[in-house]
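Analysis of the macromolecular model
As a plain string of letters, each chain reads:
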Amino acid sequence: MSTESKIADSVEDTIIIKDLNKWYGDFHVLKDINLTVKKGEKIVICGPSGSGKSTTIRCINRLEEFQRGSLIVNGVEMVEDVKNIEAIRREVGMVFQHFNLFPHLTILENLTLGPIWVQKKPKAEAEEIAMKYLERVKIPEQADKFPGQLSGGQQQRVAIARSLCMSPQIMLFDEPTSALDPEMIKEVLDVMVELADEGMTMLCVTHEMGFAKKVADRVIFMDAGEIVEQNTPEELFNNPQTDRLQLFLSQILDH
Amino acid sequence: MANTFKSDPIEFKPAVAQPAPDSTVGIVAWMRVNLFSSIPNAMFTIFIMLGLANFIPGIIDWMFISSTWSGVNQDACVGDGACWVFVKAWSQQFFYGSYATDQIWRVNLSLILLFVVIVLSFTLPASYRLKVSVPLFLVLPFVCIAILDGRLLGLEHVNTDFWGGFSLNVLMAAAAIIVAFPFSFLWALGRRSDMPLARSISVVFIEFFRGVPVLALFFMGSVMLPLFFAEGTNVDKLVRVWIVLIFFMSGYMAEVFRGGFQAIPSGQYEAADSIGLGYWQKTLLIILPQVIKVSMPNILATFVMLFKNTVFLLIIGIPEVLQTLLTALSNSNWLGGHAIEGYVFVGVIFWVCCFGMSMLASNIEKKLDTSHRN
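Thresholds, definitions, all that
Residues numbered from 1 in each chain as written. Chains lettered and ligands numbered in written order. Predicted model: local features only at pLDDT ≥ 70, side-chain atom pairs only at ≥ 80, totals over all residues. Heavy atoms only, no water. Helix = DSSP H or I, 4+ residues; strand = E, 2+ residues; numbered from the N terminus. Buried < 20%, exposed > 50% of the residue type's maximum accessible area, 1.4 Å probe, protein only. Contact = heavy atoms within 4.5 Å. Areas by Shrake-Rupley, 256 points an atom, 1.4 Å probe, with all protein chains shown as cover. Expected span 1.5 Å × (residues − 1). Bend = angle between axes of the 7 residues up to and from the residue. Buried area = accessible area lost by both parts, 1.4 Å probe. Salt bridge = Lys/Arg side-chain N within 4 Å of Asp/Glu carboxyl O. Polar contact = N/O pair within 3.5 Å; in protein donor to acceptor, adjacent residues only side chain to side chain. Nonpolar A, V, L, I, M, F, W, Y, C, P; charged D, E, K, R; others polar. 1 Å grid on protein atoms, 1.4 Å probe; cavity = no way out; pocket = protein on both sides within 12 Å on 5 of 7 lines; lining within 4 Å. Points joined across faces, edges and corners; volume = space filled by probe spheres on them. Phe/Tyr/Trp six-rings, centres within 6.5 Å; stacked < 30°, edge-to-face > 60°. Lys NZ or Arg CZ within 6 Å of the ring centre and 35° of its normal. Disulfide = S-S within 2.5 Å. Core = buried A, V, L, I, M, F, W, Y, C linked by side-chain atoms within 4.5 Å. Pairing = 2+ DSSP bridges. Axes fitted to C-alpha atoms, helices over the stretch in contact; angles between N-to-C directions. Arc of directions from axis to C-beta. Parallel < 35°, antiparallel > 145°, perpendicular 65-115°, else oblique. Left-handed = near helix turned anticlockwise from the far one by under 90°.

Notes on the overall build of chain A
- When you go through chain A residue by residue, the secondary structure sums to 9 helices and 10 strands.
- Seen through its C-alpha atoms, chain A measures out along the principal axes to roughly 55 × 50 × 35 Å.
- The 255 residues of chain A split such that 56% are buried.
- Within chain A, contacts between residues at least 6 apart in sequence are counted, and of these 66% link residues at least 24 apart.
- Accessible surface, chain A as shown: approximately 11200 Å² in total, 48% of it carbon and sulfur.

Here it is in structure tokens:
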């Protein structure tokens with residue numbers, strides 16, 4: 001297959017996932033996942049642990065391989081080709097549950113690493129971009145510190161800024177607030193809401209239902225490796241169609 | 001929700017911290033907990049103390065009180081205790097082998113350079129520590145060889161036959177571990193690789209050099225290695241031994257590095273991938289610096305082992321410090337039975353160096369525990 005072969009599809013659709021199947025050994029983790037994401041759309045994925053929600057978004061930038069089905073990101077098909085994988089990773093930013101900042105580098109170095117080494121930008125320009133995004137996540141004064149000197153909430157905001165420095169088209173969030181102390185969740189969610197308001201295409205795996213109601217265009221509920229239901233947040237939370245979603249909602253909302 | 005709170009809340013003041021109660025600190029409390037916590041424990045403590053009281057005065061008497069310190073030759077050794085005159089008279093050979101006396105500054109210069117580079121690698125600011133110290137370390141062995149050999153620098157040529165003594169142990173060990181460093185890193189990467197060929201070659205190499213005793217390796221180096229060189233080339237004996245030490249060391253260090261790799265959370269790889277870094281960028285910029293950091297205590301421990309193993313070089317006739325001692329003991333002018341003094345002396349200098357490195361390692365370990373972790 002030729003590299004970066006554009007596949008004719010609506011330009012509106014930035015991510016097209018068709019019949020995606022994945023196995024860990026014999027274990028069938030993802031079963032026929034079909035999902036199309038439009039440019040600028042904000043999607044929240046929720047579901048019990050082990051339901052395959054993280055695995056699904058990790059397939060999008062190929063942190064996970066899949067065995068069957070197709071995945072197209074910004075017109076580039078994900079195949080076993082380093083060029084295609086790199087092309088897709090340039091378009092997709094990711095934020096992790098445990099931040100995954102590089103502990104041996106300063107905050108500024110964490111942010112400039114990608115622009116300098118991947119995009120081959122001059123150091124001064126990379127630092128300018130980095131400071132711009134640090135200001136956006138409201139911690140420019142921490143630029144010369146090391147990640148270990150920051151609070152969890154600050155680290156996660158740095159991680160978001162690090163992704164944004166690569167000017168991605170799509171942002172993936174893999175439970176960005178699950179590892180945070182309750183007092184720090186809001187500062188991270190605020191940054192995410194701001195990002196959503198600016199029109200970023202976002203896929204968020206999260207259990208923050210307030211956030212989902214506020215920004216999501218669509219909420220997807222997964223269980224046992226399948227998409228069980230998807231709908232607007234109001235419909236999904238107020239009018240669950242399946243018993244599985246009803247059970248899930250009753251467990252996360254009733255206390 | 002927020003607007004239902006009271007408008008004038010009570011101010012919360014944290015309580016002042018208080019000192020720990022006396023019964024848990026101080027020397028008496030320490031002894032009670034550590035030496036006399038139970039009857040068998042107390043008996044054991046007393047038994048050990050009695051044993052020490054029995055032996056230590058004799059040792060101190062032999063080493064310091066009845067010992068002879070002044071004199072220049074065998075005739076001075078008339079006391080009952082140790083005759084340190086023997087060690088004093090041979091000290092230059094013990095440290096520098098047969099290196100010409102007026103050229104000894106070159107050995108000292110090499111040792112000083114080694115010391116300076118080591119100190120720099122621990123004290124430079126973190127932001128460019130690796131960038132500066134790694135290249136310095138990598139050129140150091142070759143600079144030292146040039147200084148000691150002399151031909152390249154226009155100094156008087158000193159043949160490797162004359163290199164020797166404790167300085168040779170130190171420099172051989174250092175030169176071996178430094179060159180082994182990049183190799184062992186590659187072996188460790190190979191062993192973790194997804195490519196079956198790279199992985200099996202690495203496993204075979206690592207396990208061979210870990211599995212074969214170092215003495216056997218030295219024999220192979222001095223007898224077998226010449227067979228692999230082109231006919232007519234005469235590779236220096238020290239170089240051959242150096243190659244053996246490098247291989248031996250890189251086998252061990254590859255395993256140290258593998259442990260280091262396993263200590264790096266998978267999230268670091270994923271974050272590097274998600275930014276779009278390539279394999280070598282990811283490995284060199286993100287993973288390697290962290291691996292070196294977490295492996296440092298184990299690298300030092302491995303170095304201590306290698307350093308002690310350099311005395312085995314005597315088996316193939318290299319005049320390192322123990323070989324020099326044996327030569328001194330069989331010298332007809334010193335047939336007074338100075339073996340104990342000699343071995344105590346060699347033991348003490350090795351112990352001081354190794355203990356120093358252990359202290360350094362545990363220091364680093366403590367720092368690792370508290371410093372910026374993710």
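Still more ground to cover, so stick around.
Some details on helix 8 (residues 214-228) of chain B
Residues and elements named next belong to chain B.
- Between its first and last C-alpha, helix 8 extends 20 Å over 15 residues, near the 21 Å set by a 1.5 Å rise per residue.
- The axis of helix 8 is deflected most strongly, by about 45 degrees, at Gly221.
- Within the span of helix 8, buried status applies to Val214, Leu217, Phe218, Gly221, Ser222 and Leu225.
- Structurally, helix 8 contributes buried residues whose contacts are with helix 7 (196-211), helix 9 (237-263) and helix 11 (279-309).

A few points about the interface of chain B and chain A
- The interface is formed by 19 residues belonging to chain B together with 24 residues belonging to chain A.
- Contact between chain B and chain A buries roughly 2000 Å² in total, counting both sides, with carbon and sulfur atoms accounting for 62%.
- Between the two partners, chain B and chain A, sit 2 salt bridges.
- Counting every contact that joins chain B to chain A gives 5 residue pairs in polar contact (both at pLDDT 80 or more).
- Looking at the side of chain B that touches chain A, the elements with two or more residues in it are helix 10 (266-275) and helix 11 of chain B.
- In terms of residue count, the dominant contributor to the side of chain B that touches chain A is helix 10 of chain B (8 residues).
- In terms of residue class, the side of chain B that touches chain A is made up of 8 nonpolar, 8 polar and 3 charged.

With respect to the layout of surface pockets
Residues and elements named next belong to chain B.
- What the second largest pocket holds in volume is close to 1100 Å³.
- Lining the second largest pocket are 31 residues, with Asp194, Tyr269, Asp273, Tyr279 and Lys282 positioned closest to its centre.
- Looking at the lining of the second largest pocket element by element, the count peaks at 5 residues for helix 11.
- Considered class by class, the residues forming the lining of the second largest pocket number 13 nonpolar, 6 polar and 12 charged.

Let's talk about the packing of aromatic side chains
- Applying the stated criterion to the full structure yields 25 aromatic pairs over all chains.
- Where Phe95 of chain B meets Tyr96 of chain B, the ring centres are 6.4 Å apart and the plane angle is 50 degrees; that geometry is what we call tilted.
- Here Phe95 of chain B falls in the partly exposed class, since its relative accessible area comes to 30%.
- Judged by its relative accessible area of 18%, Tyr96 of chain B falls in the buried class.
- A ring pair is formed by Phe205 of chain B and Phe247 of chain B, whose centres lie 5.6 Å apart and whose planes are at 80 degrees; its orientation type is edge-to-face. Pair noted here: Phe205 of chain B is in helix 7 and Phe247 of chain B is in helix 9, with a separation of 42 residues, a long-range link.
- Note on Phe205 of chain B: relative accessible area 12%, which makes it buried.
- Under the relative-accessibility criterion, Phe247 of chain B is labelled partly exposed at 34%.
- Among the aromatic residues, those joined into a ring-pair cluster are Phe86, Phe94, Phe95, Tyr96, Phe166, Phe303, Phe307, Trp334, Phe345 and Phe350 of chain B.
- Of note, Arg162 of chain A hangs over the ring of Phe102 of chain A, and the distance from its end group to the ring centre comes to 4.5 Å.

Remarks on the state of the cysteines
Residue and element names in this part refer to chain A.
- In total, this model carries 1 disulfide over all chains according to the counting rule given.
- With no disulfide of its own, Cys165 lies 19 Å from the sulfur of Cys204, the closest cysteine sulfur.
- Classification of Cys165 as buried rests on a relative accessible area of 2%.

Regarding the nonpolar core
- In this structure, Ile60 and Leu203 of chain A together with Phe86, Phe94, Phe261, Ile286 and Leu306 of chain B are the most contacted members of the largest nonpolar core, which totals 127 residues.
- The element best represented in this core is helix 6 (residues 165-192) of chain B, accounting for 17 residues.
- The residues touching Phe86 of chain B, leaving out its near neighbours within four places in the chain, are Phe94, Leu325, Ala328, Leu329, Trp334, His338 and Gly342 of chain B.
- Residues Ile107, Ile129, Ala130 and Val137 of chain A belong to the second largest nonpolar core, which totals 48 residues.

Some words on the sheet that holds strand 9 (residues 218-223) of chain A
Residues and elements named next belong to chain A.
- One open sheet accounts for 6 strands, arranged 6-7-8-3-9-10; its pairing is mixed. The strands lining the two open edges of the sheet, one partner per strand, are strand 6 (92-95) and strand 10 (226-231). For this sheet the average axis-to-axis angle between neighbouring strands, irrespective of direction, equals 20 degrees.
- Here strand 7 (residues 170-174) runs beside strand 8 (residues 201-205); their pairing, made up of 5 bridges, is parallel. Paired with Leu172 across the two strands is Leu203, which belongs to strand 8.
- In the packing of helix 2 (residues 82-91) onto the sheet, the strands contacted are strand 6 and strand 7, and the crossing angle to strand 6 comes to about 65 degrees.
- Set on the sheet, helix 6 (residues 182-197) makes contact with strand 3 (42-46), strand 7 and strand 8; between it and strand 8 the angle comes to about 150 degrees.

Considerations on the environment of Phe86 of chain B
- In this fold, Phe86 of chain B is placed in helix 3 (residues 84-96).
- Residues Phe86 of chain B and Ala328 of chain B lie 242 residues apart in sequence; the distance between their C-alpha atoms is 8.8 Å.

Looking at the side chain of Arg157 of chain A
- When you line up the elements, Arg157 of chain A lands in helix 5 (residues 152-164).
- When near neighbours in sequence (up to four residues on either side) are disregarded, Arg157 of chain A contacts Val137, Lys138, Ile139, Glu187, Val188 and Val191 of chain A.

Some remarks on helix 12 (residues 321-329) of chain B
Residues and elements named next belong to chain B.
- Taken residue by residue, helix 12 has Val321, Leu322, Thr324, Leu325, Ala328 and Leu329 as its buried positions. Along the long axis of helix 12, the arc covered by the buried residues comes to 155 degrees, so they all point the same way.
- For helix 12, the capping residue at the N-terminal end is Glu320, with a side-chain oxygen 3.0 Å from the backbone nitrogen of Leu322.

With respect to the packing of helix 6 of chain B against helix 7 of chain B
All names here are of chain B.
- Contact geometry for helix 6 and helix 7: axes closest at 7 Å, N-to-C directions at 130 degrees. Classified by the angle between their axes, helix 6 and helix 7 sit oblique to one another. Crossing of helix 6 against helix 7: the hand is left-handed. Counted together, Trp187, Gly190 and Arg191 of helix 6 and Ala198, Arg199, Ile201, Ser202, Val203, Phe205, Ile206 and Glu207 of helix 7 form the full contact between these two elements.
- Grouping the amino acids of the contact of helix 6 with helix 7 by side-chain chemistry returns 6 nonpolar, 2 polar and 3 charged.

By themselves, these figures tell us nothing about what the structure is for.
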